[in-house]
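Each chain, letter by letter, is given below.
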Amino acid sequence: MENNTTPVVTPICNIDKKHPNQTYISAWRNKDELQSVYDKIFNSGADDIASKEEALQWLYMWKIRQVKDFPVCVRCTLVVLEAQVFDLRMQRNEKDGNAKESRNIYSGAFTRFINFLTESSGTRKKSIADSVRDIGIETYLVELRHLCAHRSISISIDVFRRSAEYCMDWLNKAYWQRELASMESVDPWTLKYCYMAEDELPDMSLILRTYDAVSAARVRNAYTLDMAIENVGLTPEEVKLLETFAEKHRSYRLRIIAKQTIQQLRELPLPKTQAAVNAVCRALFDNCKRMFQDAVEYGNDENAPLGTMHSELFRALAAMGCLQTLFEQLIVMCERANVMNAHQRPWAMYWAHRIAVGYQLLKEYKRYCSTLPPEKVSRMGQVPRVLLAKEWYAQRLKSAAKQHLMLGLYVDCPWHLKLSRTYVLARLMAMNEYTKDIVPVLLTLQEPPLSDEQQLKIQRLTQIYYSDSSNVLIDASGAKNPPKQNSKVTSDRNGSNTDSSKIYTAQDLKEAIAKIRNKSKSTEETIPAKRAKRYGPWKEPDQTLDWSHYPLGTCRT
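Residues numbered from 1 in each chain as written. Predicted model: local features only at pLDDT ≥ 70, side-chain atom pairs only at ≥ 80, totals over all residues. Heavy atoms only, no water.

### Comments concerning the overall build of the protein
On a plain count of helices and strands, the protein comes out with 22 helices and 4 strands. Long-range contacts, defined here as pairs at least 24 residues apart, represent 71% of the contacts in the protein between residues at least 6 apart. Surface exposure of the protein reaches about 33600 Å², of which carbon and sulfur atoms provide 53%. (Helix = DSSP H or I, 4+ residues; strand = E, 2+ residues; numbered from the N terminus. Contact = heavy atoms within 4.5 Å. Areas by Shrake-Rupley, 256 points an atom, 1.4 Å probe, with all protein chains shown as cover.)

### Quick look at helix 4 (residues 100-120)
Spacing of three or four residues puts side chains on the same side of an α-helix, whose turn is 3.6 residues. Helix length check: helix 4 (21 residues) gives 31 Å between terminal C-alpha atoms against 30 Å at 1.5 Å per residue, within 8%. Buried within helix 4 are the following residues: S102, Y106, S107, A109, F110, T111, F113, I114, N115, L117 and T118. (Expected span 1.5 Å × (residues − 1). Buried < 20%, exposed > 50% of the residue type's maximum accessible area, 1.4 Å probe, protein only.)

### What to know about the packing of aromatic side chains
Taken as a whole and judged by the stated rule, the model has 19 aromatic pairs. Their ring planes at 35° and their centres at 5.4 Å tell us that F285 and F292 sit as a pair that is tilted. F285 sits in the buried class, given a relative accessible area of 15%. Measuring from centroid to centroid gives 5.1 Å for F314 and W351, while their planes differ by 25°, and the two rings are stacked. Highlighted residues: F314 in helix 15 (residues 306-319) and W351 in helix 17 (residues 345-370), separated in sequence by 37 residues. Its relative accessible area of 1% is what places F314 among the buried residues. Look at W351 and you get buried, because its relative accessible area is 1%. One aromatic cluster is present, formed by Y38, F42, Y175 and W176 through successive ring pairs. Over the face of the ring belonging to F116 we find R75, whose NZ or CZ atom lies 5.8 Å from the ring centre. When the ring centre of Y423 is taken as reference, the NZ or CZ atom of R427 above it lies at 4.6 Å. (Phe/Tyr/Trp six-rings, centres within 6.5 Å; stacked < 30°, edge-to-face > 60°. Lys NZ or Arg CZ within 6 Å of the ring centre and 35° of its normal.)

### Regarding unusual backbone geometry
Positive phi is not limited to glycine here, since D16 has a value of about 60°. Here the phi dihedral of K398 falls at roughly 55°; this positive angle occurs in a residue that is not glycine. Among the secondary structure elements, K398 is positioned in the loop between helix 18 (382-397) and helix 19 (421-429).

### Considering the nonpolar core
Of all hydrophobic cores here, the largest spans 92 residues; its most connected members are L326, F327, L330 and W351. For this core, the leading source of residues is helix 17, giving 13 residues. With residues up to four places along the chain from it excluded, the contact list for L326 reads C281, L284, F285, F314, L317 and I355. Counting 51 residues, the second largest nonpolar core, distinct from the first, contains I41, C73, A99 and F160. (Core = buried A, V, L, I, M, F, W, Y, C linked by side-chain atoms within 4.5 Å.)

### Description of the side chain of T210
With respect to the helices, strands and loops of the structure, T210 is situated in helix 9 (residues 193-219). Residue T210 is classed as buried on the basis of its relative accessible area, which comes to 4%. Filtering out sequence-adjacent residues up to four positions away, T210 remains in contact with L241, L242, F245, I257 and T261.

### Quick look at the packing of helix 4 against helix 7 (residues 157-182)
Remark: helix 4 packs on helix 7, axes separated minimally by 10 Å, with the N-to-C direction vectors making an angle of 35°. Between helix 4 and helix 7 the crossing geometry is left-handed. Judged by residue contacts, S102, R103, Y106, S107, F110, F113 and L117 of helix 4 engage I157, F160, R161, S163, A164, C167, W170 and L171 from helix 7. Class assignment of the residues belonging to the contact of helix 4 with helix 7 gives a composition of 10 nonpolar, 3 polar and 2 charged. (Axes fitted to C-alpha atoms, helices over the stretch in contact; angles between N-to-C directions. Left-handed = near helix turned anticlockwise from the far one by under 90°. Nonpolar A, V, L, I, M, F, W, Y, C, P; charged D, E, K, R; others polar.)

### What about the confidence of the model for the protein?
Averaged over all residues, the pLDDT of the protein equals 77, while 76% of them reach at least 70. When the criterion is pLDDT under 50, residues 1-10 qualifies, and its contacts beyond four places in sequence or with other chains add up to 1 contact. Within the model, pLDDT remains below 50 along residues 192-200, and this stretch shows 12 contacts once partners closer than five positions in the same chain are excluded. (pLDDT = per-residue confidence, 0-100.)

Structure (structure tokens):
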């Protein structure tokens, strides 16, 4: 008999799941120690008591090392493994003659196993069965737990043994294999990256300074090294950098030199820590000053396609995990008003806007590829995938295709902008003239997306702050909606006048709401009282009368 039923897909367990690119303090010293204990538990023989007892000793030590925030799945592994080891001892010493003690140990282990997992979910509104089902465990273990807790009937030792094997298999797939696949050991040099950066940052600085000189020459219509030296006002140090790089790599075309420097940047052996990401962004600000300054001078010049020139650099930063941090730091520059960063805010606004729109376009491109038949989306050949992406970007952006960043050339591009609603709300409340075109793009990148009602409320709030801001940054032709330069007084649907050149604050919003409320109250006072409705011989009472002055049973006619 053939079973054609569709297999049930169990939910993915998120218990004890760690966030990527973050450093955590664990009970085990490094990945090798965790791998060693894993082998003793799961890769040893079924009757290898010595290996499992040694694994128990390691688990006991881990529990003492990390009393607080000890992983729930490791705790569950400990209680089930204790029961299995005890059962193996009883089988070896008494030849399964006294199974009552083993059943008692298994009973307590399964009760604690279910309790640990359900209590870690943090919600008390669900039943134990629903919580276990969401985790991805068979619900029969809940019934087994109830029978163990209440001791209503005697359970066979074979049921306990098979259930223990099921629990260990689930823990192996849900936690241990996941941790071993995603975890990387951290040494003191990685934690103290500020000292390690002294060895890596000089190479990074040379790479970025070379790229900055090449990009400045390309913006000024230079294509070879000789043209850059003759026509572009490079400093002697920048000329020496370019000549050294060209001689070493035997290439004098600026476009090839730019690609080689980006490849060198991606191949730097940097640790995957937030400190390393911050160091890359800091080095980018310090060594690519021409790239940022040219955004103000050549940002709207059609003959200087900054988007096409720098797309590969920003794709490399996204692949290195640095682009979101760079975007957040650009937003800070736009929002922070002081004398020191006054010259930085215009180019910070330009590149923050380009990065946000680049992520928006990448999201639209992925959605477009999901509608195509499988044979249209090639996942193997690089050339077809690049051609498909360039064709879509050109059709989507039209005349502005060379001005915007192409952050993704493949449909399975893994990076995206991770924005919490708290972060976007803070950007909305701190919106100013430098971020008023960026915040609406961030609203479209929210996951899960905002509802129509939420978007309407945010749009009204945005219009109160800036009457000329638009929620759509790129129209059908691909051109960015330019802000209005002159001061213009407009009238909204409530009849109030707003000045588009004035920056409205929260106090202005409160005053506008107070005016609307006072206006509505005055309107209610002028409306005459409606006549009382009659229902047969009865009618609604007149609320304007003071009934305390009239005897019971009488009424003024």
